[in-house]
Structures are given as structure tokens and as C-alpha cells.
Amino acid sequence: MTITQLNTFLEIVKQESFSAAANSLGYAQSTVTMQIKQLEDELGCPLFERLGKTITLTSAGERLVSYAERILQLEREIHLEVSDEENTSGVLKLGVSETLCISRLPKVLMEYKKSFPQMEIRIQFINHEDIAAKLASGELDLVYTLNPLIEDESLIVIFKKKETLGFYVSPDFSMVKSRISEANLDGVPLLLTGHDCNFRHMLVADLLECGVAPQIEVETSSKEVLKQFAKNGHGITFIPDMAAEKEVSEGALKRLTWKGKEFRIYSQLIVHKDKHLNKAISGLIQLIKTDGVNE
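Residues numbered from 1 in each chain as written. Predicted model: local features only at pLDDT ≥ 70, side-chain atom pairs only at ≥ 80, totals over all residues. Heavy atoms only, no water.

Asks: Mind showing me how you'd approach the overall build of the protein chain here?
Replies: Summing up its helical and strand segments, the protein chain has 11 helices and 14 strands in all. Projecting the C-alpha coordinates of the protein chain onto the three principal axes gives extents of approximately 70 × 50 × 35 Å. Element-wise, carbon and sulfur atoms account for 50% of the exposed surface of the protein chain, whose accessible area totals about 15,200 Å². Where the 33 positive side-chain charges of the protein chain centre and where its 42 negative ones centre are 4 Å apart. (Helix = DSSP H or I, 4+ residues; strand = E, 2+ residues; numbered from the N terminus. Areas by Shrake-Rupley, 256 points an atom, 1.4 Å probe, with all protein chains shown as cover. Lys, Arg positive; Asp, Glu negative; His and termini not counted. Charge placed at Lys NZ, Arg CZ, Asp CG, Glu CD.)

Asks: Whenever I open this one, the sheet that holds strand β11 (residues 236-240) confuses me. Can you help?
Replies: In space, the 5 strands of this open sheet follow the order β10-β9-β11-β7-β12, with mixed pairing throughout. A strand with exactly one partner marks an edge of an open sheet, and here the two such strands are β10 (215-219) and β12 (254-255). As defined by bridge partners, strand β7 (residues 165-169) adjoins β11 across 4 bridges and the pair is classed as antiparallel. The residue bridging G166 from the neighbouring strand is I239, located in β11. (Pairing = 2+ DSSP bridges.)

Asks: Is there a simple way to explain helix α2 (residues 18-25) in this structure?
Replies: Within an α-helix, residues lying three or four positions from one another point in the same direction, as the helix has 3.6 residues per turn. Among the residues making up α2, those that are buried are F18, A21 and A22. Viewed end-on, α2 has its buried residues packed into an arc of 100°, placing them on one side of the element. In the core, the buried residues of α2 are packed alongside α1 (3-15), α3 (29-43), β1 (48-51) and β2 (54-57). Count one or two residues on from α2 and you reach G26, which has phi positive near 80°. (Buried < 20%, exposed > 50% of the residue type's maximum accessible area, 1.4 Å probe, protein only. Arc of directions from axis to C-beta. Contact = heavy atoms within 4.5 Å.)

Asks: Explanation requested: the environment of V13 in the structure shown.
Replies: Turning to its location among the elements, V13 is positioned in helix α1. Judged by its relative accessible area of 26%, V13 is partly exposed. Taking the C-alpha atoms as reference, V13 lies 34 Å from M202; in sequence the two are 189 residues apart. Discounting residues that sit within four places of it in the chain, V13 has contacts with F48, L57 and V65.

Asks: Sorry if this is basic, but what is going on with the packing of α1 against α2 here?
Replies: Helix packing geometry: the angle between the two helix axes and the distance between the axes. Where α1 contacts α2, the two axes come as close as 8 Å, and the packing angle between them is 120°. In terms of axis orientation, α1 runs oblique to α2. Crossing handedness for the pair α1 and α2: right-handed. On α2, the residues that touch N7, T8, E11, I12 and Q15 of α1 are F18, A20, A21, S24 and L25. (Axes fitted to C-alpha atoms, helices over the stretch in contact; angles between N-to-C directions. Parallel < 35°, antiparallel > 145°, perpendicular 65-115°, else oblique. Left-handed = near helix turned anticlockwise from the far one by under 90°.)

Asks: Whenever I open this one, the nonpolar core confuses me. Can you help?
Replies: A general trend in soluble globular proteins is that nonpolar side chains are found buried together. Membership of the largest hydrophobic core comes to 47 residues, with the highest contact counts inside it found for F167, I236 and L284. Grouped together as the second largest cluster of nonpolar side chains are 17 residues, F9, A21, I36 and F48 included. (Core = buried A, V, L, I, M, F, W, Y, C linked by side-chain atoms within 4.5 Å.)

Asks: Help me out: how do you make sense of the environment of D152 in this one?
Replies: Within the element layout of this structure, D152 appears in the loop between β5 (142-147) and β6 (155-163). Relative accessible area serves as the criterion here: at 33%, D152 is assigned to the partly exposed category. Expressed as a C-alpha distance, the spacing of D152 and H272, which sit 120 residues apart in the sequence, is 9.7 Å. Side chain to side chain, D152 and S154 meet in a polar contact 2.7 Å long. (Polar contact = N/O pair within 3.5 Å; in protein donor to acceptor, adjacent residues only side chain to side chain.)

Asks: Can you walk me through unusual backbone geometry in this structure?
Replies: Residues apart from glycine generally show negative phi values, whereas peptide bonds are mostly found in trans. Positive phi is not limited to glycine here, since E16 has a value of about 60°. Turning to its location among the elements, E16 is positioned in the loop between α1 and α2.

Asks: Before we go on, may I ask you to explain the sheet that holds β6 in this structure?
Replies: Sheets are built from strands paired through backbone hydrogen bonds, the pairs being either parallel or antiparallel. Taken together, 5 strands build an open sheet; the order of strands is β4-β3-β5-β14-β6 and the sheet is mixed. Of all the strands in the sheet, just β4 (119-125) and β6 have a single pairing partner and so form its edges. Strand-to-strand twist of the sheet, defined as the mean angle between neighbouring strand axes without regard to direction, takes the value 20°. The pairing of strand β3 (residues 90-96) with β4 spans 7 bridges and is parallel.

Asks: How should the pairing of strand β9 (residues 189-192) be read in this particular structure?
Replies: The two faces of β9 match: P189 and L191 on one face and L190 and L192 on the other face are all buried. Bridge count between β9 and β10: 4 bridges; the pairing is parallel. For L191, the partnering residue across the bridge sits in β10 and is V218. Handedness of the β9-helix α8 (residues 198-209)-β10 crossover: right-handed. Note: β9 against β11, 2 bridges, orientation parallel. The residue of β11 that forms the bridge with L191 is T237. (Right-handed = clockwise from strand over helix to strand, strands pointing away.)

Asks: How do you make sense of helix α9 (residues 223-231) when you look at a structure like this?
Replies: Taken together, the buried positions of α9 are K223, L226, K227 and A230. Viewed end-on, α9 has its buried residues packed into an arc of 100°, placing them on one side of the element. Two or three places before E224, at the start of α9, stands the capping residue S222, its side-chain oxygen 3.4 Å from that residue's backbone nitrogen. Immediately beyond the C-terminal end of α9, within one or two residues, lies G233, with a positive phi of roughly 85°.

The values reported here are purely geometric and, on their own, carry no functional implication.
Below you can see the structure in the form of C-alpha cells.
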């Protein structure tokens, strides 16, 4: 069996389709089919049940997944570790929160490429509930997230910095000069992040605890969309302060003075507890930590 075959196998598992995997990998579908047939012939068992256009893993295929993930992870580590010390090359897979990716990461990556010009950084937006599984499987090497403090025995928080959330409105919004708390949000249109976002959960839980039924006007994972609706006077948005810095400096948004519950969030660098921090990963970690301390 080959690394290419195992990579193709995992892509089919991810895409749940031979044709989608072929498109993702840039192969002809016949190539993907041939690679899986060769793998099945070598192992002496089918890896997928093919029921019309639907495919599912056989029990043998399910067992192969974890082995394939570990082999590909080791292959990437070999490229990172067994290389010219002065010309480290390979792929570093980084999971990151959208807000950090836009607000903090560009400057860090520019500096990183100066020291590691041959490294490829693959960025994936990450949800809180996916962090542990993706670090454990090797799908991600490192996570840079903006969330409540992550507590998981399988993970190590290498660095954390306290961040802040704020309520933002158009400068013409009626409540712009008010000091507000939970009671003031009763009946007020809210522009919130999606169901998989902890910021939303924190606010909604707080409002319900205070007897306020949230009136959600818009919900979307895009902070840019939320800011646009807020600028146009459609309601109050609740987002990380770092995401609104540009709009505040331009006078397009105003931050309301909040006197309610404190919402604690942190920017955090996280790795799996068993992760070997090679030169390439350690270099990125140090740059992110330095950037966070110097802000």
C-alpha cells in the first residue's frame, strides 16, 4: 500500500463520495477507483459498501481509518523532522477561529514565512466541539482559537490571553448613549453568530437566566455580515472587540457601555497532549505568543 492510496481512502471517507474525492484531489474518478481496488486487493477485503450512489465503510474500512490517519501524520512528521535544519519543509495544519484569522494571523504568518519559507500552512476554520477530535486524529497540528477557556484532559493550552466581547450598533441607534444590561435587551433585535458559536450560547443563556427572551433578528457565522447589518441600523450585534476595531475607528459602529454579566473569553493556542512540537510548529507557536504579549 502507498501513502497516495491511504490519502485517497481518507478523502473518500471525508467526502462520502468517490467522485467528490476525485474532484478534491484533482484525479480522474477512474484513478480513485483503481487506487481503492489496489488497496482492497492487497488487504484482501472490501473497504466500502457500494449501494448505488451511496457508499458506507465496511467494518474493515472503519478499522483502517485510524491507522491511515496515523500513517499520514507520521509521514508529515518525517518531512518536518528529517530534513535540512536550515530549510525545514512540509505541511503544518492549523485550526483557527475566523476572527483571529482575520485580525491577528496575517501579520504572524508574514513573519513565519521569513523564517520558514518552504513550509506550507493549511488553515481550517474550527468549531469548539471539533478541536479535541481533530487534534487527536492528526487532522490538525495546532489550534488557535477564541473561546471560553478550553478544558480537556487530552489537550494542552500552551498560551492564553484574555479577550473581550462587546455590543455594537450604528451611531444612530436609539440606545447608543445608554448604559445597558440584560433587561435593556428585552424586545431589542439581536444580530448573533450561529448555533455552533459559544459567544451566542453565552449571551442567550445569560438573557434567559435574567428572564429576557432574546429577539434574534439575524444569525450567521459571518462577523462581516453581522457588522454590516448593525451599521445599517438593524439591531445590536455581539462580537469580539477585535473584530470591530476597524469599524469603530472609522465611526461606522459604536460600542455600547455594558453593565451586565462579564463574558470571559480567551485567545488560546492548543495542541494534543502527545503532540511532538517540532521546529516548524514551535516556531509558529513562539510568533503567536510574542504577538499576543506585545499587543
